[in-house]
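These are the residues of each chain, in order.
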2 protein chains.
Amino acid sequence: MNHRMVWRTLARTLLIEAALMVLPLCIALYHGESWRGFVCTIVLLVAAFFLLQGFKPRNSDIYAKEGFLIVALSWITLSAFGALPFVIDGAIPSYIDAFFETVSGFTTTGATILTDVEAVGYGLLFWRSFMHWIGGMGVLVFMLAVLPLAEERSMHIMRAEVPGPVVGKLVPRVRNSAMILYVIYLVLTIAEIVFLLCGGMPLFDAAVHAFGTAGTGGFSSRNLSVGYYNSAYIDVVIGTFMILFGVNFNLYFFLLLRRFSDVGKNEELRWYLGIIGFSVITIAVCILPTYGTFPHALRYAYFQVASIITTTGYSTANFDLWPEYARSLLVFIMFIGACAGSTGGGIKVSRVIIIAKSSVNEIRRMLNPRSVNLVKVDGNTVNSGTIHGTLIFVLLYFIILLLSVLVVSLDDLDFTTSVTGVIACFSNIGPGLSMVGPMGNFSMFSPFSKVLLSFVMLLGRLEIFPILTLFSPAAWRRN
Amino acid sequence: MNHRMVWRTLARTLLIEAALMVLPLCIALYHGESWRGFVCTIVLLVAAFFLLQGFKPRNSDIYAKEGFLIVALSWITLSAFGALPFVIDGAIPSYIDAFFETVSGFTTTGATILTDVEAVGYGLLFWRSFMHWIGGMGVLVFMLAVLPLAEERSMHIMRAEVPGPVVGKLVPRVRNSAMILYVIYLVLTIAEIVFLLCGGMPLFDAAVHAFGTAGTGGFSSRNLSVGYYNSAYIDVVIGTFMILFGVNFNLYFFLLLRRFSDVGKNEELRWYLGIIGFSVITIAVCILPTYGTFPHALRYAYFQVASIITTTGYSTANFDLWPEYARSLLVFIMFIGACAGSTGGGIKVSRVIIIAKSSVNEIRRMLNPRSVNLVKVDGNTVNSGTIHGTLIFVLLYFIILLLSVLVVSLDDLDFTTSVTGVIACFSNIGPGLSMVGPMGNFSMFSPFSKVLLSFVMLLGRLEIFPILTLFSPAAWRRN
């Protein structure tokens, strides 16, 4: 393990965080709010940068395990510093609460411990949502885009941070791939801001909700979330952009290159849209008695399904009060999540496809032991290592979920709250059902559970393995 | 597919059911109860036997797919006929309810739709619990023990009916293995009856509870389940026998052969006892405030943990009212279940071991891609096919669970009832939490959900694949 190289890369991400924090600082100054929190944190970040920068690596080799460690440590450290402005300015007095809120921001979960969001200042609200935007595409992918790093090394880092069973480069050079991803991300975000402004939303709110949508985060500047605006136009705009940000970004690149057939034959996209279509229609039918007319029911079903499957977590209705079928289906799609290579969380549609196809093959093999069946996605055979890794990943997902529910249940909240609270954190969604429903929040959990849930969010966003690496003695051993 | 051979084997199992039904018929006659239900059913079974016996197979080949189909069809047909006495004698007027109760009996689930068990006659109560005993070790294993069938053919049937990732024969001949299993099973059952009689339990109750324990079923002759007797002695006896029946029966055979080291080095047994020990102690601490003294708390925790992990489902306390940690831990061990090759259900401890070890290996492989790691259980390397099959099995377990919850949620019962009701059926336990808790029952589900849950119980008992075979076009195709 090349520890010095780990510390050095970590130093860079801290510097980037300091730079990014200038933006909310300006907004705080513009609105005449306290600047102390941001300035103190920026100073501390720069100090930490110089401290860690002092480690001179003997060589700059980075392998898979260094990649995992860098990503895991960066995300924890960024959250640890990112929480400071909330505490220093007194918006969130408890550091554990602020840490939870910050991890929830970076991991694009959007679960909050705030009971009154509208009481928080502009600067901090902006920072809270801006973290969604940074965390959505990835801090380290951003670093790779702006700071030069050798080719092979970057790939190990990118693989550890970008979600999905297989991470492909768009172009031969990792740095260019990272840049392209961020440009597409930025353009889509600006497009959404423009659409929201056209709907009469103030600029600040439009930025906050565009960040929340782009990162599939879900923090709002309103206590009633998107429901505050009570506008069909805004519901459709945000709903549609959520679905767009849940798509694999590689497909947008293919669109730019006019490789339409690559987009058309993409199985993950078809499954993703199919699941959304099925869910929207059946939920609309299910909630019809509540909303009177079908178009009305469709509007709420569309928004909520888009919000949950993309793991964003905005709400326009209190779906906790919907009939049990609608609630269960929303929990079901919480597990599935968005497409690989998007900003969404969850298990990811592509993994669901691999599991479904492997299961069918296994049944065929049991009926006819001599048959040879390959798993094919988009016409290509998936290699057995990827299949095995995918199966283990999803099993670990369920195991970590069950163990976390067990630990959280020590708080003695009801079964639905414990279970859906953990799922909502693990799949980076935000709201669950019961006490953590769309009208609830996470403030009643014990400090211990809040720390645990913070790690559960990180496990979800970084897809388990980087965080587990932290607990592996092998990762800490010197070479 | 050799369909004629399938029908012929099915015919034999129906004849065995007719023979087994003579026992409850005698009990009904002895107590002066209606004999009509049993006699009519026996006549129908014998008629069906002669009808199916008419198919003369051209050859007697049986392969894996025939084995699956025989097992799946036998269990469904046995349940379809087994339900008749309840309907004919009027104890359960609705056929769907009776079918649910019968499937629950054979699959050793013990979930009931009866609101007043004590109002049912002796003959039917005996039949209900006797089904547990037959289903626990397996109807077809019984058939293999009593009726001659060619060696290779028997193995395909045994493999399809006996739970666990790997089915081993105890002795070279399948028939002798089946006989040994049934003799051990019978001796342990009689031992339990004797112990219960010593505790002052009436003979009928002792037989009913011994059958329920042996098959890890959970049907009781009392509305309050084992809690009715309110005796520490009976709690300890039944609790301990539940744990014994949750152990792989091969180990008892090893004990008879004095191969103590084979028992000692058995990892599954150690994990199983370890999980029980951990659960009993932490739950006892958790429920201490409810029960006052530690020995008292320990007694209830011991019984309930033994009952749930072995998937029996008896209760001595209303654990639905226990603190959330105790409830969650019970749900957690509902998933795990008992040992492979026992009469218990669930995922099975041996599969949990394989998954845990494969996950650790996968993390090692990610950190060090060139490392070679094998999964070893009891000192033997598990082959990759078994590992792959185990991973798929457990994933299918979770997928079927989630899909079933979705369908059951159409009944609009609360989240906890839907989720734990499905788990309790799938793992063949019986009670869950909330409305299906130890003081509740399954009567409020819609007929549609009752049929679905019946299939979920069969999927659980037969370990998914045989039942899925029914839906595979390949299984129905002629050769």
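Refer to the preceding data block for the structure.
Predicted model only: the values in this text are computed from it and were never measured.

K.L.:
Quick rundown of the overall build of chain A? Include the residues and the values.
P.N.:
Per the secondary structure count, chain A includes 23 helices and two strands. The globule rule puts the C-alpha radius of gyration for 479 residues at 23 Å, and the 22 Å found for chain A is close to it. Taking the principal axes of its C-alpha atoms as reference, chain A extends roughly 60 × 55 × 50 Å. Evaluated residue by residue, chain A yields a buried proportion of 63% over its 479 residues. Approximately 17000 Å² of chain A is accessible, and the part contributed by carbon and sulfur atoms is 66%. Across chain A, 31 positive and 26 negative side-chain charges occur, with their mean positions spaced 13 Å apart.

K.L.:
Give me the lowdown on the interface of chain A and chain B, citing residues and values where you can.
P.N.:
Tallying the contact residues gives 49 residues for chain A and 49 residues for chain B. The junction of chain A with chain B conceals about 4400 Å² of combined surface from both sides, 81% of it contributed by carbon and sulfur atoms. Where chain A packs against chain B, one counts zero salt bridges. Applying the counting rule to chain A against chain B returns six residue pairs in polar contact (both at pLDDT 80 or more). Residue contributions to the side of chain A that touches chain B peak at 14 residues, all from helix α19 (residues 384-408) of chain A. Split into classes, the residues belonging to the side of chain A that touches chain B amount to 32 nonpolar, eleven polar and six charged.

K.L.:
Summarise the nonpolar core; cite the residues concerned and give the values.
P.N.:
In this structure, Trp322(A) and Trp322(B) are the most contacted members of the largest nonpolar core, which totals 362 residues. Leave out the neighbours within four places in its chain, and Trp322(B) touches Ile283(B), Ile287(B), Tyr291(B), Tyr300(B), Ala301(B), Gln304(B), Ala317(B), Arg327(B) and Leu330(B).

K.L.:
Mind laying out the relation of the copies chain A and chain B, listing which residues take part and the relevant values?
P.N.:
Each copy superposes on the other: chain A lies on chain B with an RMSD of 0.0 Å after a rotation of 180° and an axial shift of 0.0 Å. Classification of the inter-copy transformation places it as that of a two-fold axis. A shared binding surface is used by both copies, with 100% of the interface residues of chain A retained as interface residues in chain B.

K.L.:
Outline the packing of helix α1 (residues 3-20) of chain B against helix α2 (residues 22-30) of chain B, supporting the account with residue identities and numerical values.
P.N.:
All names here are of chain B. Here α1 crosses α2 at 20°, and the two axes come no closer than 4 Å. It follows from the interaxial angle that α1 and α2 lie roughly parallel. Of the residues in α2, those touching α1 at Ala 18, Ala 19 and Leu 20 are Val 22, Leu 23 and Pro 24. Across the contact of α1 with α2, the residue classes break down as six nonpolar, no polar and no charged.

K.L.:
Describe in detail helix α7 (residues 122-137) of chain B, supporting the description with residues and values.
P.N.:
All names here are of chain B. Compared with an ideal rise of 1.5 Å per residue, which puts 16 residues at 22 Å, α7 spans 23 Å between its outermost C-alpha atoms and is within 8% of the ideal. With 15 of 16 residues buried, α7 is to be regarded as a mostly interior element. Remark: Gly 138 follows α7 within two positions and exhibits a positive phi of approximately 110°.

K.L.:
Could you give an account of the packing of aromatic side chains, naming the residues involved and the relevant values?
P.N.:
Enumeration over the complete set of coordinates arrives at 60 aromatic pairs over all chains. On the basis of an interplanar angle of 20° and a centroid distance of 4.6 Å, the ring pair of Tyr291(A) and Tyr300(A) is categorised as stacked. Ring geometry for Tyr291(A) against Trp322(A): centres 6.3 Å apart, planes inclined by 90°, an arrangement best described as edge-to-face. Linking Tyr291(A) in helix α15 (residues 267-291) with Trp322(A) in the loop between α16 (294-309) and α17 (324-336), this pair joins segments that are 31 residues apart in sequence. Judged by relative accessible area, which is 4%, Trp322(A) ranks as buried. Within the aromatic cluster, the residues linked to one another by ring pairs are Phe126(A), Phe130(A), Trp133(A), Phe142(A), Tyr182(A), Tyr185(A), Phe195(A), Phe211(A), Phe241(A), Phe245(A), Phe249(A) and Tyr252(A). In this arrangement the basic side chain of Arg128(B) is found over the ring face of Phe219(B), its NZ or CZ atom lying 3.8 Å from the centre.

So, how was this worked out
- Residues numbered from 1 in each chain as written.
- Chains lettered and ligands numbered in written order.
- Predicted model: local features only at pLDDT ≥ 70, side-chain atom pairs only at ≥ 80, totals over all residues.
- Heavy atoms only, no water.
- Helix = DSSP H or I, 4+ residues; strand = E, 2+ residues; numbered from the N terminus.
- Rg over C-alpha atoms; globule rule 2.2 N^0.38 Å.
- Buried < 20%, exposed > 50% of the residue type's maximum accessible area, 1.4 Å probe, protein only.
- Areas by Shrake-Rupley, 256 points an atom, 1.4 Å probe, with all protein chains shown as cover.
- Lys, Arg positive; Asp, Glu negative; His and termini not counted.
- Charge placed at Lys NZ, Arg CZ, Asp CG, Glu CD.
- Contact = heavy atoms within 4.5 Å.
- Buried area = accessible area lost by both parts, 1.4 Å probe.
- Salt bridge = Lys/Arg side-chain N within 4 Å of Asp/Glu carboxyl O.
- Polar contact = N/O pair within 3.5 Å; in protein donor to acceptor, adjacent residues only side chain to side chain.
- Nonpolar A, V, L, I, M, F, W, Y, C, P; charged D, E, K, R; others polar.
- Core = buried A, V, L, I, M, F, W, Y, C linked by side-chain atoms within 4.5 Å.
- Least-squares fit on C-alpha atoms with pLDDT ≥ 70 in both.
- Axes fitted to C-alpha atoms, helices over the stretch in contact; angles between N-to-C directions.
- Parallel < 35°, antiparallel > 145°, perpendicular 65-115°, else oblique.
- Expected span 1.5 Å × (residues − 1).
- Phe/Tyr/Trp six-rings, centres within 6.5 Å; stacked < 30°, edge-to-face > 60°.
- Lys NZ or Arg CZ within 6 Å of the ring centre and 35° of its normal.

These figures come from the coordinates and say nothing about function on their own.
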